[in-house]
Amino acid sequence: MASSDFSLSVADCPLIQVEGWDGTLRQFEASLSASLGTRLPASVGETVHHNGLLVIRVAPRRLWLVLDDVTQAPSLAIDPNLGCSVPLGEGRVRFSLAGTDIAGILSACIAVDWHAPTAAPGRAVLTSLHHVPVLFLRTRDTACDLVVPRSFARSLSDWIAGE
């Protein structure tokens with residue numbers, strides 16, 4: 001399935017999910033934005049980079065905070081009347097994929113139109129890969145990351161690589 005210039009690496013994915021309760025979203029977002037020191041993505045699929053942290057809006061009231069390898073998790077003091085946070089990193093890994101034919105390779109795996117504005121570099125899409133829920137994150141013209149459940153990492157990486 002994979003071409004000769006295709007690369008796939010697998011790494012831990014430090015990740016925190018935060019969600020605001022229905023009816024408190026404005027207060028929740030104002031508090032979270034102040035805590036993180038950056039604006040939050042406005043629409044589902046939008047991302048914001050800030051100091052080694054990638055903030056992804058994965059649903060109208062839900063955000064994922066993805067940390068790079070050296071960034072310490074932010075200290076979040078979320079008012080339980082406004083929302084909650086839960087660490088998801090132990091249950092997820094990040095696939096980093098690159099190659100000139102990455103769009104062709106992924107077209108056999110996921111239902112995301114590589115050329116659509118919603119899948120442009122810097123955008124994120126929740127989708128499935130071989131019946132497993134994953135987050136597709138387009139990083140460059142010929143590269144992307146997939147955040148996948150740790151329990152499926154080995155079988156999915158083998159399947160993508162065509163082994």
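Our subject in this report is the structure included herewith. (Residues numbered from 1 in each chain as written. Predicted model: local features only at pLDDT ≥ 70, side-chain atom pairs only at ≥ 80, totals over all residues. Heavy atoms only, no water.)

1. A closer look at empty space enclosed by the protein
Turning to step 1, where the next piece is worked out: Evaluated as defined, the whole model comprises one cavity of 30 Å³ or more.
Turning to step 2, where the next piece is worked out: Residue lining of the largest cavity: A103, L106, S107, I110, V112, W114 and F136, and that is the complete set.
Turning to step 3, where the next piece is worked out: The greatest single-element share of the lining of the largest cavity, amounting to three residues, is contributed by helix α2 (residues 102–107).
Turning to step 4, where the next piece is worked out: Tallied by class, residues from the lining of the largest cavity come to six nonpolar, one polar and no charged. (1 Å grid on protein atoms, 1.4 Å probe; cavity = no way out; pocket = protein on both sides within 12 Å on 5 of 7 lines; lining within 4 Å. Points joined across faces, edges and corners; volume = space filled by probe spheres on them. Helix = DSSP H or I, 4+ residues; strand = E, 2+ residues; numbered from the N terminus. Nonpolar A, V, L, I, M, F, W, Y, C, P; charged D, E, K, R; others polar.)

2. Details of the packing of aromatic side chains
Turning to step 1, where the next piece is worked out: In the structure shown here, the tally under the stated rule is one aromatic pair.
Turning to step 2, where the next piece is worked out: Residues W114 and F136 carry aromatic rings whose centres are separated by 5.8 Å and whose planes lie at 65° to one another, so their mutual orientation is edge-to-face. Separated by 22 residues along the polypeptide, W114 in the loop between α2 and β8 (124–129) and F136 in strand β9 (residues 132–140) bring together distant segments of the chain. Judged on exposure class, the residue W114 and its partner F136 are both buried. (Phe/Tyr/Trp six-rings, centres within 6.5 Å; stacked < 30°, edge-to-face > 60°. Buried < 20%, exposed > 50% of the residue type's maximum accessible area, 1.4 Å probe, protein only.)

3. Comments concerning the nonpolar core
Turning to step 1, where the next piece is worked out: Counting 22 residues, the largest nonpolar core has F95, L97, L106, F136, L146 and I160 as the members making the most contacts within it.
Turning to step 2, where the next piece is worked out: For this core, the elements supplying multiple residues, two or more each, are β7 (92–98), α2, β9, β10 (143–149) and α3 (153–161).
Turning to step 3, where the next piece is worked out: Residues in contact with F95, not counting those within four places in the same chain, are L8, S9, V10, C144, D145, L146, V148, A153, L156, S157 and I160.
Turning to step 4, where the next piece is worked out: Counting 14 residues, the second-largest nonpolar core is a separate cluster that includes F28, L36, L67 and L82. (Core = buried A, V, L, I, M, F, W, Y, C linked by side-chain atoms within 4.5 Å. Contact = heavy atoms within 4.5 Å.)

4. Topic: the pattern of salt bridges
Turning to step 1, where the next piece is worked out: Taken as a whole and assessed by the stated rule, the structure comprises eight salt bridges.
Turning to step 2, where the next piece is worked out: Among the ionic pairs, R61 bridges to D22, the shortest N-O distance being 3.9 Å. One end of the pair, R61, is in the loop between β4 (53–59) and β5 (62–67); the other, D22, is in the loop between β2 (15–20) and α1 (25–36), with 39 residues separating them in the sequence.
Turning to step 3, where the next piece is worked out: Residue class for D22 comes out exposed when judged on its relative accessible area of 66%.
Turning to step 4, where the next piece is worked out: R94 serves as the salt-bridge partner of D145, at 3.0 Å between the closest nitrogen and oxygen. Placement of D145 in strand β10 and of R94 in strand β7 is noted, with a sequence separation of 51 residues between them. Considered together, D145 and R94 belong to a single accessibility category, that of buried residues.
Turning to step 5, where the next piece is worked out: One network of salt bridges, in which partners are shared, links E19, D22, R61 and R62. (Salt bridge = Lys/Arg side-chain N within 4 Å of Asp/Glu carboxyl O.)

5. Section: the pairing of β8
Turning to step 1, where the next piece is worked out: Pairing geometry for β8 and β9, over six bridges, is antiparallel. In the sheet register, V125 faces β9, and the bridge partner there is F136.
Turning to step 2, where the next piece is worked out: The turn linking β8 back onto β9 is made up of two residues, and H130 within it adopts a positive phi angle of 55°. (Pairing = 2+ DSSP bridges.)

6. Considering the sheet that holds strand β3 (residues 47–50)
Turning to step 1, where the next piece is worked out: Taken together, five strands build an open sheet; the order of strands is β3-β4-β5-β2-β6 and the sheet is antiparallel. Where the open sheet ends on each side, the last strands, each with one partner, are β3 and β6 (83–87). Adjacent strand axes in the sheet meet at a mean angle of 20° when their direction is disregarded.
Turning to step 2, where the next piece is worked out: Lying over the sheet, α1 contacts β2, β3, β4, β5 and β6, oriented at roughly 150° with respect to β2. (Axes fitted to C-alpha atoms, helices over the stretch in contact; angles between N-to-C directions.)

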